[in-house]
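What the coordinates show
Take a look at the letters that make up each chain.
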Amino acid sequence: MSERAKAGKPAAAPASEAAKAGAAAVHRERRLDYETVALVLQGGGALGAYQAGVLEGLEEAHIPLNWVAGISIGALNTAIIAGNEPHLRVQRLKGFWNTICSPAFTPSMPASIEHMLFNFSDVSRSMLMAAQASNAVMQGQSGFYVPRMPTPLPWASYSPERVSWYDTTALKATLERFCDFDRINSREMRVSVGAVNVANGNFVYFDNTRLTLRPEHFMASGSLPPGFAPVEIDGEYFWDGGVVSNTPLQEVLSAAPRRDTLVFQVDLWSAQGPVPTTLDNVTMRTKDIQYSSRTRLVTDMLLREQRYRRLLGDLLQQVPAEARKGSKLCEIAAELACRKRYNVLQLIYRQQKYERGNKDYQFGRSAMHAHWATGLDDIRRTLSNEAWLDMPDNHAGFVTHDIHRC
């Protein structure tokens, strides 16, 4: 085993024409006028492959990211993205998702048979996906989680690390296999992942500008109870940030000092959807509403806030310079005023007709590839609107775009 592998870092990929072309692409990054170009990744379990497709499209278009923030599965994708050179990110994401979309113990179904069942008919697809979801519950996923043995008794007391149905010990090795944590902590790219302190209920962001990130920080962000146990970090225990808020959008848009910011916001749950007519659809719709995290509310609130900040700046310009000197009120107003501009490109996964309430733990490879392809298609369609990348020129200095609302 190489020294690099022993250190828990991704093994260096063999040199190839494709790799050289990928490395050269770094130098062809599209020039954007924004100070911050951020990728914001929501939680959503197996649906997270959609985010990987979006990342592939961003790399394909040479979009230069300098901040990635995520929660839950979005945090795991964040680790892969930030922990690899740009030309290796898609390759590493594919490795990660192919790993966790395999059963923990039994062999995977032959790809050709799975592909046939998935595409043969709606009935065969539904049967396949139900079987795969049941498999995820019964035996877990390779390199991710397995049922805890012996099964915890609901009335018995255990150490915090054992109070869950599944054991995620394998995930640490998987993250070390696909991520270079030295690179994550080099601060070449800002990284933020959200979690909640189990003892006091406080929501926190583990951020590489404030501390050294380890696999445990990303695992904590993805430890949704009661399936997964809290993760201990420096004597405190943390659960999945989705328990409180499932998207880090507000963290990025409210960051100080304020900067001209372009955000690619990738959500896995849609707040909009049909009224359920079956009990299974009730489960599915409940998850959509619970985990969509009021995305529209957040953007509407921040739009109003930025409009007021710009208005305050305009009003200050109407105050004579002499009157502003020594005025405490004017000093406070100047601190609050802001003419920075914000552009949020929303990519929200849309429910497929064949999906059911198990869509977030249905880790079949065919479904994963379908989610990935949908994310890639959505980001390509988004980027085809070249004007959407322009700096906002409206009075608020804040715009949002969504291909599904055009």
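Criteria and cut-off values
Residues numbered from 1 in each chain as written. Predicted model: local features only at pLDDT ≥ 70, side-chain atom pairs only at ≥ 80, totals over all residues. Heavy atoms only, no water. Helix = DSSP H or I, 4+ residues; strand = E, 2+ residues; numbered from the N terminus. Buried < 20%, exposed > 50% of the residue type's maximum accessible area, 1.4 Å probe, protein only. Contact = heavy atoms within 4.5 Å. Areas by Shrake-Rupley, 256 points an atom, 1.4 Å probe, with all protein chains shown as cover. UniProt positions renumbered as here; feature names shortened; annotations may be inferred. Pairing = 2+ DSSP bridges. Patch = residues over 30% accessible without salt bridge, like charges linked within 9 Å, V, L, I, M, F, W, Y side chains within 5 Å. Salt bridge = Lys/Arg side-chain N within 4 Å of Asp/Glu carboxyl O. Core = buried A, V, L, I, M, F, W, Y, C linked by side-chain atoms within 4.5 Å.

1. Some details on the overall build of the protein chain
For the protein chain, the helix and strand inventory stands at 16 helices and 11 strands. Along the first, second and third principal axes, the C-alpha atoms of the protein chain reach 75 × 55 × 55 Å. Relative to its full complement of 406 residues, the protein chain shows a buried share of 51%. Taking as baseline every contact in the protein chain between residues at least 6 positions apart, the subset at least 24 positions apart corresponds to 76%. Accessible surface computed for the protein chain: about 19200 Å², of which carbon and sulfur atoms make up 57%.

2. A word on the UniProt feature "short sequence motif: GXGXXG" (unreviewed entry) in the protein chain
In this numbering, the UniProt entry assigns the feature "short sequence motif: GXGXXG" (unreviewed entry) to residues 43–48. The distance separating the terminal C-alpha atoms of residues 43–48 is 7 Å; by composition the span is 0% helix and 0% strand.

3. A closer look at the pairing of strand 11 (residues 398–402)
Counting buried residues in strand 11 gives 4 out of 5 residues, a clear majority hidden from the surface. Across 5 bridges, the pairing between strand 10 (residues 342–348) and strand 11 is parallel. Paired with leucine 345 across the two strands is histidine 401, which belongs to strand 11.

4. Describing a nonpolar patch on the surface
Residues Met109, Ile113, Met116 and Phe120 make up a contiguous nonpolar surface patch of roughly 420 Å² in combined accessible area. Among the secondary structure elements, isoleucine 113 is positioned in helix 6 (residues 111–120).

5. Examining the nonpolar core
Counting 70 residues, the largest nonpolar core has Leu39, Trp97, Phe218 and Phe264 as its most contacted members. With 7 residues, helix 4 (residues 73–82) is the largest single contributor of residues to this core. Leave out the neighbours within four places in its chain, and phenylalanine 264 touches Val37, Ala38, Leu39, Val40, Leu58, Ile63, Leu65, Leu345, Leu347, Ile379, Leu383 and Leu389. Counting 15 residues, the second-largest nonpolar core is a separate cluster that includes Trp67, Val252, Tyr342 and Ala396.

6. Topic: the environment of arginine 177
Counting through the fold element by element, arginine 177 comes out in helix 8 (residues 169–178). Judged by relative accessible area, which is 51%, arginine 177 ranks as exposed. Each C-alpha atom, one on arginine 177 and one on phenylalanine 96, is 8.9 Å from the other, the two residues being 81 residues apart in sequence.

7. So, helix 4
With respect to burial, helix 4 is a largely interior element, 10 of its 10 residues being buried. Looking at helix 4, one finds that the buried residues are Ile73, Gly74, Ala75, Leu76, Asn77, Thr78, Ala79, Ile80, Ile81 and Ala82.

8. Description of the pattern of salt bridges
One pass over the full model with this rule turns up 18 salt bridges. Between glutamate 322 and lysine 325 there is a salt bridge, with its nearest N and O atoms 3.4 Å apart. On the basis of relative accessible area, lysine 325 is assigned to the exposed category, the value being 59%. Salt bridges sharing partners connect three or more residues here, namely Arg258, Glu305 and Arg309.

9. Considering the environment of tryptophan 97
For tryptophan 97, the location among the structural elements is in helix 5 (residues 89–100). For the pair formed by tryptophan 97 and arginine 365, sequence separation is 268 residues and the distance between their alpha carbons is 8.5 Å. Residues contacting tryptophan 97, with those up to four places away along its chain left out, are Gly45, Ala46, Gly48, Ala49, Ala52, Ile73, Asn77, Phe363, Met368 and Trp372.

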